[in-house]
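Spelled out from the first residue to the last, the chains are:
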Amino acid sequence: MADVLALVEARLRMALGEPDARAAVTFLGTDRIEVLRFTDPSAEGGPVVRYASLGMSAAPMTDPTLALADPVQGPRAELILSVRAGRADTDKLLRPLAVLAASPQVEGVVVAPGASLDTGEPLWPGAPFTSVLVAEPGGLVEDLALDAPMDPVHFLPLLPMTPNEAAWKRVHGAAALEERWLARGTDLRDPARGSVGLD
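Note that the coordinates shown come from a computational prediction; the quantities given were computed from them, not determined experimentally.

Draft legend 1. Representation of helix α4 (residues 174-183). Taken as a whole, α4 has its buried residues at Ala174, Leu177, Arg180 and Trp181. Buried residues of α4, seen end-on, are gathered within an arc of 125 degrees and therefore sit on one face of the element. Exposed residues on α4 whose side chains face more than 90 degrees from its buried face are Ala175, Glu179, Leu182 and Ala183. In this fold, the buried residues of α4 make contact with β6 (131-134), β7 (153-161) and α3 (163-172). Within two residues after α4, Gly185 carries a phi angle of roughly 65 degrees, on the positive side.

So this is what it looks like as C-alpha cells:
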C-alpha cells in the first residue's frame, strides 16, 4: 500500500509540481486520506489551485454486490479538483474532498467517470456547489501503471455542479451536461460561477 501511494505522489509531483500544503483526514474504520494542494501561477486565465487526494488508490475499489473484495485487482483512483485562486476560501475544500475520496472505503462505491458525488454541504464556505461530476482521466495527470495484476491508478478530475446542474444531469446524463457547459463557454474553475443555462 505504502509503495502504491509513494508512486502516486511521485506522479502528482511530476505533473503538478511541488505541493505547497497538505492535510490528512482519518475517518472511523478507514485508512488515512491526505489532500495535497498545488498552485499553478501560470495557468491560462490566471492562477489555479489544484487539490488532489492521496490515499484513495491504496486499495482497489470493489463492487458492493460482490461477496468478497479482491485486495489486489480492481479499479484504483485519486481525485483532483481545480479552482481559480483567490476568489473564494477554497482551502476549506480539504475535508469534503477527503470525504469523497474515502467513499469507496466507507460506502463501498466505485467512483468512475460520469458519476455524481454529493457532499451534502457546500464544497467550501459560500460555495454554490454541493456535488461534483467525475470527468474522464488522462488529461491533467497521466494514468499510473502498477505491477500486474494490479489495475492502473486513474486521476479523476472533479467538476463542481450547482444543485440545478446536478438535477439536470440526473435526467439528461453527464455527456449532455458537459456539452452544455462547453457550448456556453462555462469556466468550470470559477469558484463563484452561477449555474449554466439549462432551458
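Once you've had a look at it, read on.
Draft legend 2. The arrangement of the sheet that holds strand β5 (residues 116-118) in detail. Pairing in this open sheet of 7 strands is mixed, and the strands run β1-β2-β3-β4-β7-β6-β5 from one edge to the other. Here the strands that pair on one side only, and so sit at the sheet edges, are β1 (21-25) and β5. When strand polarity is set aside, the average angle formed by the axes of neighbouring strands in this sheet is 30 degrees. Relative to strand β4 (residues 76-84), strand β3 (residues 48-54) runs antiparallel, the two sharing 5 bridges. Each bridged residue has a counterpart across the sheet, and for Arg50 the counterpart in β4 is Ser82. α3 rests against β5, β6 and β7 of the sheet, and its axis sits at about 115 degrees to β7. Along the sheet, α4 makes contact with β6 and β7, crossing β7 at roughly 65 degrees.

Draft legend 3. Examining the packing of aromatic side chains more closely. Tallying each qualifying case throughout the model produces 1 aromatic pair. Note on Trp124 and Phe129: the rings are 5.9 Å apart at their centroids and 65 degrees apart in plane angle, and the pair reads as edge-to-face. On the basis of relative accessible area, Trp124 is assigned to the buried category, the value being 3%. Overall, Phe129 belongs to the buried group, its relative accessible area being 0%.

Draft legend 4. A look at the environment of Gln73. Tracing the backbone through its elements, the reader meets Gln73 in the loop between β3 and β4. Between the C-alpha atom of Gln73 and that of Asp151, which follows or precedes it by 78 residues, the distance is 6.1 Å. Not counting residues within four places of it along the chain, the set of residues in contact with Gln73 comprises Pro60, Pro149 and Asp151.

Draft legend 5. Geometry of unusual backbone geometry. The omega angle of the peptide bond from Ala148 to Pro149 is 10 degrees, so this bond is cis rather than trans. Tracing the chain through its elements places Pro149 in the loop between β6 and β7.

Draft legend 6. Main features of helix α2 (residues 94-107). Between the first and last C-alpha of α2 there are 19 Å, a value that for 14 residues agrees with the 20 Å anticipated at 1.5 Å per step. Along its length, α2 reaches its greatest deviation from straightness, about 40 degrees, at Ala101, and the proline Pro104 lies no more than four positions downstream. Within two residues after α2, Gly108 carries a phi angle of roughly 70 degrees, on the positive side.

What counts and how
Residues numbered from 1 in each chain as written. Predicted model: local features only at pLDDT ≥ 70, side-chain atom pairs only at ≥ 80, totals over all residues. Heavy atoms only, no water. Buried < 20%, exposed > 50% of the residue type's maximum accessible area, 1.4 Å probe, protein only. Helix = DSSP H or I, 4+ residues; strand = E, 2+ residues; numbered from the N terminus. Arc of directions from axis to C-beta. Contact = heavy atoms within 4.5 Å. Pairing = 2+ DSSP bridges. Axes fitted to C-alpha atoms, helices over the stretch in contact; angles between N-to-C directions. Phe/Tyr/Trp six-rings, centres within 6.5 Å; stacked < 30°, edge-to-face > 60°. Expected span 1.5 Å × (residues − 1). Bend = angle between axes of the 7 residues up to and from the residue.

All quantities given are derived from atomic positions and should not be read as evidence of function.
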